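Listed here are the chains, written in short residue letters.
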Amino acid sequence: MPGVHNGIKKRRQKAAAPYAERSIGDNMKLSTYNPNNADEIEQLFIKTFSDSEGQSEGEVIGHLVRDFMDSTDVNDLHCFIATEDEQIIGSIFFTRMIFESDINTFILSPVATHTDHQGKGVGQKLINFGLNASKENKVELAITYGDPNFYSKVGFSVITEQVVPAPQKLEQPEGWLAQSLVGDEIEPIAGKLHCVEALNKSELW
């Protein structure tokens with residue numbers, strides 16, 4: 001996939017307002033997460049990534065999302081969930097990225113859909129829900145790091161680090177993606193980029 005900001009002045013914002021719950025079909029609902037769901041969300045990521053990438057990767061990603069929920073400032077974290085029959089079947093995280101140019105930017109990562117519910121469009125619906133919430137919260141640029149074939153379906157395009165620098169060395173630079181949430185072409189961004197402390201680990205990139 002995919003704190004200290006080294007002297008960069010951080011623009012403080014109010015915590016994002018909870019985004020309205022949305023029903024999809026008869027049973028599935030999309031909503032902002034409740035901190036009381038933290039254990040269930042962590043287990044969802046551990047299972048999903050263990051099933052697809054192996055137990056060690058599941059534990060790494062589980063630790064990451066727990067770190068997000070326990071230690072990341074509420075202004076810098078947006079988490080959304082998909083539930084069906086009161087069970088969480090999908091979850092996504094957006095965390096703040098800090099540029100010297102002060103563009104309001106968040107990175108989408110990680111994303112998990114329960115193994116039993118994959119192939120049904122849950123992830124795409126949840127990401128679109130999260131992107132719409134981000135627009136309402138005045139986010140200007142969304143970044144992600146993953147499979148271009150999947151993320152292109154929800155509006156992301158491959159970019160180079162000459163356009164948007166990465167906070168760590170990318171193991172797979174072809175998976176560096178972004179989209180403007182204000183309708184503008186993404187212009188090259190000068191200066192260094194910083195992510196939240198939980199994500200600032202080379203093994204996650």
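Just above sits the structure.
Residues numbered from 1 in each chain as written. Predicted model: local features only at pLDDT ≥ 70, side-chain atom pairs only at ≥ 80, totals over all residues. Heavy atoms only, no water.

Colleague: Explain the nonpolar core here, please?
Modeller: Buried together is how nonpolar side chains tend to be arranged in soluble globular proteins. Counting residues in hydrophobic clusters, the biggest one holds 37 residues, and the most contacted among them are Ile41, Phe93, Trp176, Leu199 and Trp205. Elements with a contribution of two residues or more to this core: helix H1 (38-53), helix H2 (55-71), strand S3 (77-84), strand S4 (87-99), strand S5 (105-113), strand S6 (141-145), strand S8 (176-180) and strand S9 (193-195). With residues up to four places along the chain from it excluded, the contact list for Phe93 reads Ile41, Phe45, Val65, Phe68, Met69, Leu77, His78, Cys79, Ile107, Leu108, Ser109 and Pro110. Counting residues in hydrophobic clusters, the runner-up holds 23 residues, among them Met28, Phe106, Leu108 and Val139. (Core = buried A, V, L, I, M, F, W, Y, C linked by side-chain atoms within 4.5 Å. Buried < 20%, exposed > 50% of the residue type's maximum accessible area, 1.4 Å probe, protein only. Helix = DSSP H or I, 4+ residues; strand = E, 2+ residues; numbered from the N terminus. Contact = heavy atoms within 4.5 Å.)

Colleague: How should I be thinking about the packing of aromatic side chains in this particular structure?
Modeller: For any pair of aromatic rings, geometry is given as the distance between the ring centres together with the angle between the planes. Throughout the structure, instances matching the rule amount to ten aromatic pairs. Relative to Phe129, the ring of Phe80 has its centre 5.8 Å away and its plane inclined at 90°; by these criteria the two rings are edge-to-face. Note that Phe80 is positioned in strand S3 and Phe129 in helix H3 (residues 122-136), a separation of 49 residues in sequence. Comparing Phe80 with Phe129, the two get one shared label, buried. When the ring of Tyr145 is compared with that of Trp205, the centres are 5.8 Å apart and the planes differ by 20°; the resulting orientation is stacked. You can see Tyr145 sitting in strand S6 and its partner Trp205 sitting in the segment after S9, a full 60 residues away along the chain. The structure contains a cluster of three or more aromatic residues connected by ring pairs, namely Phe45, Phe49, Phe68 and Phe93. (Phe/Tyr/Trp six-rings, centres within 6.5 Å; stacked < 30°, edge-to-face > 60°.)

Colleague: Before we go on, may I ask you to explain a negative patch on the surface in this structure?
Modeller: Taken together, the side chains of Glu140, Asp184, Glu185 and Glu187 present a region of like negative charge at the surface. For Asp184, the location among the structural elements is in the loop between S8 and S9. (Patch = residues over 30% accessible without salt bridge, like charges linked within 9 Å, V, L, I, M, F, W, Y side chains within 5 Å. Areas by Shrake-Rupley, 256 points an atom, 1.4 Å probe, with all protein chains shown as cover. Salt bridge = Lys/Arg side-chain N within 4 Å of Asp/Glu carboxyl O. Lys, Arg positive; Asp, Glu negative; His and termini not counted. Charge placed at Lys NZ, Arg CZ, Asp CG, Glu CD.)

Colleague: What is the right way to look at the pairing of S6 in this model?
Modeller: Here is the key point about a regular strand: its side chains alternate between the two faces of the sheet. Within S6, five of the five residues are buried, which leaves it mostly tucked inside the rest of the structure. Side-chain alternation along S6 places Leu141, Ile143 and Tyr145 on one buried face and Ala142 and Thr144 on a second face that is also buried. When S5 meets S6, the two strands line up parallel, connected through four bridges. The partner of Thr105 across the bridge, within S6, is Leu141. Judged from the five bridges that link them, S6 and S8 form a sheet pairing that is antiparallel. Note on S8: the bridge partner recorded for Leu141 is Ser180. (Pairing = 2+ DSSP bridges.)

Colleague: Explain the packing of H1 against H2 to me, please; I cannot follow it from the model alone.
Modeller: A pair of packed helices is characterised by two quantities: the angle between their axes and the separation of those axes. Running from N to C, H1 and H2 cross one another at 155°; their axes reach a closest spacing of 7 Å. By the angle between their axes, H1 is roughly antiparallel relative to H2. Pair H1 / H2 crosses with right-handed handedness. Of the residues in H2, those in contact with Ala38, Asp39, Ile41, Glu42, Phe45, Ile46, Phe49, Ser50 and Glu53 of H1 are Gln55, Glu57, Gly58, Ile61, Gly62, Val65, Arg66 and Met69. Class assignment for the residues of the contact of H1 with H2 results in eight nonpolar, four polar and five charged. (Axes fitted to C-alpha atoms, helices over the stretch in contact; angles between N-to-C directions. Parallel < 35°, antiparallel > 145°, perpendicular 65-115°, else oblique. Left-handed = near helix turned anticlockwise from the far one by under 90°. Nonpolar A, V, L, I, M, F, W, Y, C, P; charged D, E, K, R; others polar.)

Colleague: What's the story with the pattern of salt bridges in this structure? I'm lost.
Modeller: Two side chains of opposite charge can pair, provided their charged atoms sit close to one another. Taken as a whole and judged by the stated rule, the model has six salt bridges. Where Asp70 meets Arg66, a salt bridge forms, and the shortest distance between an N and an O atom there is 3.6 Å. Of the two residues, Asp70 and Arg66 are both situated in helix H2; the distance of four residues between them amounts to about one turn of the helix. The exposure class of Asp70 is exposed, given its relative accessible area of 56%. Close ionic contact of Arg96 with Asp76 constitutes a salt bridge, the shortest N to O distance being 2.7 Å. On the criterion of sequence distance, the pair formed by Arg96 in strand S4 and Asp76 in the loop between H2 and S3 is long-range, its members being 20 residues apart. One connected set of salt bridges, linked through shared partners, spans Asp39, Glu42, Arg66 and Asp70.

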